Every structure is written in C-alpha cells, then in structure tokens.
Amino acid sequence: MLAGRRIVLGVTGGIAAYKAVEVCRRLVDAGAHVVPVLTEGATRFVGATTFSALASEPAKTSLFDDADPIPHTRLGRTADLIVVAPATARLLAAYRMGYSDDLLTATLIATRAPVVVAPAMHTEMWEHPAVRDNLAVLRERGVHVVAPGEGRLAGGDIGAGRLAEPAAIVAAAEAALRGPGRDLAGLTVLVTAGGTREPIDPVRFLGNRSSGKQGHAIADEAAARGAGVVLVTAADRASAPGVERIDVETAAEMEAAVLARADGADVVIMAAAVADFRPKAPAGHKLKKADGVPLVDLEPTPDILSELGRRKRAGQTLVGFAAETSDVVAHAAGKLAGKGADLVVANDVSEPGAGFGHDTNRVVIVSHRGVEHDGALVDKRTVARTVLDAVAEHRRAAGAAPAKPLHETEPEPTAT
Ligand code: CTP
C-alpha cells in the first residue's frame, strides 16, 4: 500500500517530534517516497538534517525558497498522503481554520490528498474543549485522526496526550491510502452501542462503564463506506448524519429494537454492553432512605446476540464483542461458538488505554478460522475500519484458507 506513494510527513514542535524520525524510517522502509516538512517549532526539537538523512528528499522548513518558489502547491498537489506526527494543538487549530502561515499549514490547505494527523500534547491541552472541537471538525471533513495514548509526557508528567506509537501511525497511513471506498454500498448494517441502564426505581439504575464510542465509530464508518446503517444506541452521543438511530435505555428496549430490524440487516454488530442482570421488580416510586437499605432482587436479561444467532438467516453476518479482563482469545472463541456469531471482536478492558471510555482500543478479532486480527492500540475509528474490513473479508471469502489457528479453548457456556 505504501510502496511508491508520495507522502509528505509534517512534523510540528513538540517533544514527540523525535518519534517522527521512526515514522519517517518506517515509511521509507515500506517503499514510500517521503518528503519531511518541519515547522519552525519542530526544528527546536529535532534537526532537519536527521530527517534529510533518512527521507527521500531533503527536509523542507520554509515557504520561501528561491529554488522552489511555490513549494506548498507543488507538495500539496503531488502528495498521495500527508501525515502530521506529532500534531500540536496549534497545528490542529490552524488547519481547522485554514490559517496557512508556514509551509506545513499551507501545504495542508493546498492538497486534496487524504490527511492523517497524530496529535500529541499535555493532558490539559488534549482535553481542552477547543482542541476537541477542532478535532471533531477535522474528523467531519474526513481527516484521519490517530488518537494519542496515555503515558509519560514532557517534563515528567504522565497522562493522556502521548503520541501514538509509530506502528499505529503507519497503519493509519496505510488505511488512509486504501480509502474507505464505498465497499459496503447496498448492505444494511445494524449496530448496537452503549451500556444499557436497568432501573431500580425512577431515579436509580444499574449500569456499566460503556461510553458507546466504539459502536458509534462503527456506525459512522459503515455509513461512510456506503452502507445503510441502523444504530440502536443506549449512549448519549452524536452519530453521523445518514445513520438512522434508535435510542433505547434498557436491555429489553434494545432487544425489541434489534429484533424488529435484524431480519432486514445483512450485518449485525453487537458492540453494546448489554446488562446481564436487571432488577426483577423496579420500584414505581423513589425508594426512600428512611425505609432502610433495599434488597434488590435481580433476574437475567435476554441475551440478544444468542437470540440473533438462533435466528440468523443465510447470508447474514453476525458480529459480537467480548469485554474481557483475562484469556481474551479463549473467551472470545467461547462466545463465538456459544452465541452463534461469525466474528467476535474482543478486548482486554483492564489494559491501559483500551476499552470503556477511552478514545483508543486494542482488539483481537476471532472467527471460526482463528485469529483474524491482533492489533495495536489505535483510535476507535481505526478499530471500526478494521472491524468492517474483517466483515467485508468474511463475506467475500467464506471458506477461504484458515487464519492463524486458535489455541485450545474452553467453550464458553451460553450466557444469561
Ligand atoms: N450481549 C447481548 N445480550 C446480553 C449480554 C451480552 O447481546 N444480555 C452481547 C454483547 O453485545 C456482546 C456479546 O454479547 O456482543 C458479549 O458480551 P459480554 O458482556 O462480553 O459477554 P457475556 O455474554 O455477557 O458474558 P460475561 O459477561 O460472562 O463475559
């Protein structure tokens, strides 16, 4: 995917600029023609000579070059891809606003090529609404964002905002070059998202830590790839225009909505964290403290995925998720068999940066053929792409050669 492609590697001024050297090396090793463009800030952290020595052309640092009078339009027009790593808060703001005051920002505005940005900054900056807002706008415009992870930052601080690993940035570059295409056009994809809430009384509920970010990312990505998407969500978060959404709260409501739409779906992806238990008899009025500690009697909820597995029609692809804290592949394989799914996307929710609430995730995808994908920690939109790639591949190549074989697994008992 990278061989022979012209990639502008933008580097901005943050301590993570040294990691861009590794990104440059990996892109060159993969056969890409890499042109580094450094901001003035970047050169305070890493010398242009370092990049010039590794890249396919000397590093560029200025809009004004006698030998190349309009470098930004030349670079912008000839690039197959622009990767900015690290991308500072300033770069994101300038790019969002179209404020082109240096060679990198001017090149970004002058290109029609896909763009990948890998932000890196201190946690306070990463969490600032201005940065969030700028990224949301850039994402809507189709910019690929490789979300940062958590870890050691400049000055000895630790937290969210650490540049994604070079391997994840290179993987995002490949995905951006591949482009979403419209490979899911003509398919109806039903996705569930979020954590259900099971009422104890009109005020209180039993819930879980699911944010719905992964399920919404899958729904948005499927719509971008041309699918007709129905999103049944228990999460209070936005979804892309074009996604038909059904908001639900409880497992029972989710079950009703899913079963009503499942027959018409070619692909069903159960990304929701459905409660396994619910209060048997929720109180109709608020339980009062003065009445003492209540005993809440629980009952199992219906297992929607298992029911979908029983009803699965020919040609339908069923994808389950598995949130685990140990033996991820074994449990995923057990759920695959026990629930009648075609693919199970599993993650270790106890791993730093993965699972509930984070912007990033690291997943293993298991099918009846074995482990189809065992990925790095990447942002949830990239995970969404990988899941949909696996779905497309499964539908294309049923019965193809086996993937990496599964280790011996204990079958998972059919869940509640
Ligand atoms: N699921 C479901 N209905 C439920 C519980 C889970 O459809 N009542 C689905 C989830 O959406 C997910 C898959 O089953 O796609 C696995 O969910 P998970 O919570 O990991 O597994 P459980 O079957 O609940 O088993 P356990 O909690 O014991 O790991």
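Bear in mind the structure is a predicted one, so any value in this text is a computation, not a measurement. (Residues numbered from 1 in each chain as written. Predicted model: local features only at pLDDT ≥ 70, side-chain atom pairs only at ≥ 80, totals over all residues. Heavy atoms only, no water.)

### Points about the site of the ligand
For the record, the criterion: We call a residue near a molecule or strand as soon as one heavy atom of that residue lies within 4 Å of the molecule or strand. N or O atoms closer than or at 3.5 Å make up a polar contact, with two conditions inside protein: a donor-capable atom paired with an acceptor-capable one, and, for residues adjacent in sequence, both atoms drawn from side chains. Using a 1.4 Å probe, the Shrake-Rupley method yields the accessible areas, and only the shown protein chains count as cover for residues. Secondary structure elements follow DSSP: runs of H or I of four or more residues count as helices, runs of E of two or more count as strands, with numbering from the N terminus.
Taken together, 17 residues lie near the ligand, and Met270, Ala272, Leu305, Phe321 and Lys339 sit nearest. Within the backbone of Pro302, an N or O atom sits 3.0 Å from a nitrogen atom of the ligand. Lys335 places a side-chain nitrogen or oxygen 2.8 Å from an oxygen atom of the ligand. Contact with the protein chains hides 82% of the accessible area of the ligand, taken as 570 Å² for the molecule alone. Breaking the shell around the ligand down by element, the ones donating at least two residues are helix 12 (304-311), strand 16 (317-324) and helix 13 (328-339).

### Concerning a negative patch on the surface
Short version of the rule: The patches described consist of residues with a relative accessible area above 30% and no salt bridge, like charges being joined within 9 Å and nonpolar side chains (Val, Leu, Ile, Met, Phe, Trp, Tyr) within 5 Å. Only one rule defines a salt bridge in this text: a Lys or Arg side-chain nitrogen within 4 Å of an Asp or Glu carboxyl oxygen. Neither His nor the chain ends contribute to the count of charged residues, in which Lys and Arg are positive and Asp and Glu negative. By convention, charge coordinates are those of NZ in Lys, CZ in Arg, CG in Asp, or CD in Glu. For every residue, the accessible area (1.4 Å probe, protein chains only) is compared with the maximum for its type, and the residue is labelled buried under 20%, exposed over 50%, or partly exposed between those bounds.
There is a patch of like negative charges on the surface, built from Glu124, Glu127, Glu150 and Asp157. By the secondary structure assignment, Asp157 is in the loop between strand 6 (149-152) and strand 7 (158-162). In this structure Asp157 comes out as partly exposed when scored by relative accessible area, which is 37%.

### Side note on the pairing of strand 4 (residues 115-119)
Cut-off, in case you're wondering: For two strands to pair, DSSP has to find at least two bridges joining them.
Within strand 4, five of the five residues are buried, which leaves it mostly tucked inside the rest of the structure. With four bridges connecting them, strand 3 (residues 81-87) and strand 4 associate as parallel partners. Each residue of the ladder has a partner; that of Ala87, found in strand 4, is Pro119. Of the strand pairs in this sheet, strand 4 and strand 5 (residues 144-145) are connected by two bridges, and their pairing is parallel. Residue pairing in the sheet places Val116 in a bridge with His144 of strand 5.

### Digging into the domain arrangement of the chain
What counts, and what does not: A domain assignment, automatic or from a database, supplies the domain bounds used here. Buried area counts how much accessible surface, traced with a 1.4 Å probe, disappears from two parts once they are put together, with both parts' losses summed. Under the grouping applied here, Gly and all other residues not named as nonpolar or charged are polar, the nonpolar ones being Ala, Val, Leu, Ile, Met, Phe, Trp, Tyr, Cys and Pro and the charged ones Asp, Glu, Lys and Arg.
Split into domains, the chain comes out as domain 1 (6-178) and domain 2 (188-408). Summarising the inter-unit geometry, the C-alpha centres of domain 1 and domain 2 are found 34 Å apart. Each partner contributes to the roughly 800 Å² buried at the junction of domain 1 and domain 2, and carbon and sulfur atoms together form 52% of this total. Applying the counting criterion to the domain 1 and domain 2 interface returns one salt bridge. Among the ionic pairs, Asp359 bridges to Arg132, the shortest N-O distance being 3.5 Å. For the pair domain 1 and domain 2, the number of links is three residue pairs in polar contact (both at pLDDT 80 or more). When contributions to the side of domain 1 that touches domain 2 are tallied by element, the ones reaching two or more residues are strand 5 and helix 9 (166-178). Looking at which element gives the most residues to the side of domain 1 that touches domain 2, the answer is helix 9, with three residues. Each residue belonging to the side of domain 1 that touches domain 2 can be placed in one class, and the counts come to seven nonpolar, one polar and three charged.

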